[in-house]
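Structural characterization, general
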Amino acid sequence: MVRQLGHGGSERQLTEMAKALDRSRFTPHVGCFLEGTRADEMRTAGVPILVLPVHSFRSLSALAHARQLGRYVHENDIQIVHTYDWPLNCFAAPVARFYRVPVVLTSQRSHRDLRERWVRRVLRFTDRIADGIVINSESLRAELIESEGVPPAKIRLCHNGIDLDRFPAGDRQRPPALADASIVIGVVAVLRPEKGLATLVEAFAQIAPSNPRARLLIVGSGPTRQPLEELASKLGVSSQCMFQPSTAEVTPWLHAIDIFVLPSVSEAFSNSITEAMACGCCVLASRVGGNPEQVIDGETGLLFESGHATDLAARLAVVIADPVLRQRLAENGTRRVQEKFSLAASARRMEEIYDELLTERFRAR
């Protein structure tokens with residue numbers, strides 16, 4: 001279950017997981033507060049969708065939708081309810097526990113310091129009532145144990161996985177607007193404050209004078225888009241920047257990017273990094289959260305200090321000046337994704353988690 005079937009990382013992971021689970025053993029259903037761009041994809045794959053239009057946890061309608069969810073899990077003999085983001089952790093996990101669903105799983109897919117205080121209090125409650133908490137990076141394991149007091153035995157790691165057929169390495173292919181670029185530096189992400197994209201614009205402004213044909217490509221939508229465009233204008237690099245709105249088809253844009261940069265100030269396990277590495281980009285990432293689990297510094301990419309534009313600019317200068325290094329990092333990154341972070345590997349791991357918790361529950365009974 002997830003808040004909305006849209007473009008976000010959690011939504012993408014839920015969609016891919018529902019499609020990839022072994023149908024001889026599992027029958028997936030998807031629940032959400034709002035439909036979105038991925039709803040048709042789910043229905044085409046034969047996955048039923050339950051829409052619970054909860055707009056406020058304080059409204060009487062939320063109670064009605066809680067009863068609706070309770071009826072649905074009983075009518076369909078649902079054995080596992082797995083929530084993928086904090087709104088559904090807060091809403092569906094307690095409802096599933098109340099209606100005695102055998103296994104209730106929550107997820108922690110981002111760091112909790114991004115959430116309001118009341119959300120963190122509710123999540124500590126759901127930590128206690130859940131049978132397990134699925135995380136996507138080791139950095140989250142440490143946070144849950146050290147800061148939230150979660151028993152280690154309750155935590156299950158399942159790295160994000162991607163469909164390698166959808167994100168092939170391929171040749172660099174640029175749209176007409178970027179055809180004359182000497183090198184394309186870019187990112188594909190939801191434009192939120194925690195992505196730290198101002199650092200990328202500032203770093204690009206530092207290397208732009210010595211690379212007049214370099215281009216910065218930012219693909220995504222969100223609240224920081226206008227401030228980023230204003231920053232590019234203030235720094236005098238607007239003519240070298242290209243902004244594109246969010247799209248479900250990100251692979252062509254990734255094939256246009258030579259150097260992919262994710263300058264997050266907070267990150268658990270980035271789908272964007274995995275997809276960029278799979279598509280053959282040379283990846284630079286901030287040294288936060290789960291990024292070092294994906295980008296091995298000097299091996300599958302380069303790391304830099306979060307929020308330090310000068311540090312990022314220095315790393316950019318290195319890979320711009322050394323195409324052999326850039327190619328080696330890109331190829332190593334692609335190989336690492338193929339070996340460690342495929343959708344197939346992630347789906348098999350999730351199936352192991354489901355089997356393990358179901359076995360424990362029925363043994364206890």
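Cut-offs and rules
- Residues numbered from 1 in each chain as written.
- Predicted model: local features only at pLDDT ≥ 70, side-chain atom pairs only at ≥ 80, totals over all residues.
- Heavy atoms only, no water.
- Core = buried A, V, L, I, M, F, W, Y, C linked by side-chain atoms within 4.5 Å.
- Buried < 20%, exposed > 50% of the residue type's maximum accessible area, 1.4 Å probe, protein only.
- Contact = heavy atoms within 4.5 Å.
- Axes fitted to C-alpha atoms, helices over the stretch in contact; angles between N-to-C directions.
- Helix = DSSP H or I, 4+ residues; strand = E, 2+ residues; numbered from the N terminus.
- Parallel < 35°, antiparallel > 145°, perpendicular 65-115°, else oblique.
- Left-handed = near helix turned anticlockwise from the far one by under 90°.
- Pairing = 2+ DSSP bridges.
- Right-handed = clockwise from strand over helix to strand, strands pointing away.
- Salt bridge = Lys/Arg side-chain N within 4 Å of Asp/Glu carboxyl O.

All right, on to the nonpolar core then. Of all hydrophobic cores here, the largest spans 66 residues; its most connected members are Ile185, Leu254, Phe260 and Leu284. Other than its neighbours up to four places away in sequence, Phe260 contacts Gly186, Val187, Val188, Leu254, Ser272, Ile273, Ala276, Cys281, Cys282, Val283 and Leu284. Counting residues in hydrophobic clusters, the runner-up holds 25 residues, among them Leu5, Cys158, Met350 and Leu358.

A separate point is the packing of helix α10 (residues 271-278) against helix α13 (residues 323-340). Relative orientation of the contacting elements α10 and α13 amounts to 115°, with a least axis distance of 7 Å. For the element pair α10 / α13, the angle class is roughly perpendicular. Here α10 and α13 pass one another in a crossing that is left-handed. In contact with Thr274, Met277 and Ala278 of α10, α13 contributes Ala330, Gly333, Thr334 and Val337.

It is worth spelling out the pairing of strand β8 (residues 183-188) at this point. Two faces belong to every sheet, and in a regular strand the side chains alternate between them. Of all six residues that make up β8, six are buried, and the element is covered over most of its length. On β8, burial covers both faces: Ile183, Ile185 and Val187 on one face and Val184, Gly186 and Val188 on the other are all buried. Relative to strand β9 (residues 214-219), β8 is paired through six bridges, and the arrangement is parallel. Within β9, the position partnered with Gly186 by the bridge is Leu217. Assessed by its sense of winding, the connection that carries the chain from β8 through helix α7 (residues 197-207) to β9 is right-handed. Direction of pairing for β8 relative to strand β11 (residues 259-262): parallel, over a ladder of two bridges. By the bridge assignment, Gly186 is partnered in β11 with Phe260.

Right, let's talk about the pattern of salt bridges for a bit. Enumeration according to the criterion identifies 26 salt bridges in this entry. Here Glu148 makes a salt bridge to Arg124, at a shortest N to O gap of 2.9 Å. One end of the pair, Glu148, is in the loop between α6 (138-146) and β7 (155-157); the other, Arg124, is in helix α5 (residues 117-129), with 24 residues separating them in the sequence. Take Glu148: its relative accessible area is 10%, and that puts it in the buried class. Among the salt bridges present, the one from Glu267 reaches Lys195, with a minimum N-O distance of 3.0 Å. One end of the pair, Glu267, is in the loop between β11 and α10; the other, Lys195, is in the loop between β8 and α7, with 72 residues separating them in the sequence. Across the pair, exposure class does not vary: Glu267 and Lys195 are buried alike.

Another aspect to go through is the side chain of Gln13. Along the chain, Gln13 turns up in helix α1 (residues 9-20). Taking relative accessible area as the criterion, Gln13 reaches 4% and is therefore assigned buried. Setting aside anything within four residues of it in sequence, one finds Gln13 in contact with Tyr84, Arg109, Asn160, Gly161 and Asn271.

Taken by themselves, the reported measurements are silent on function.
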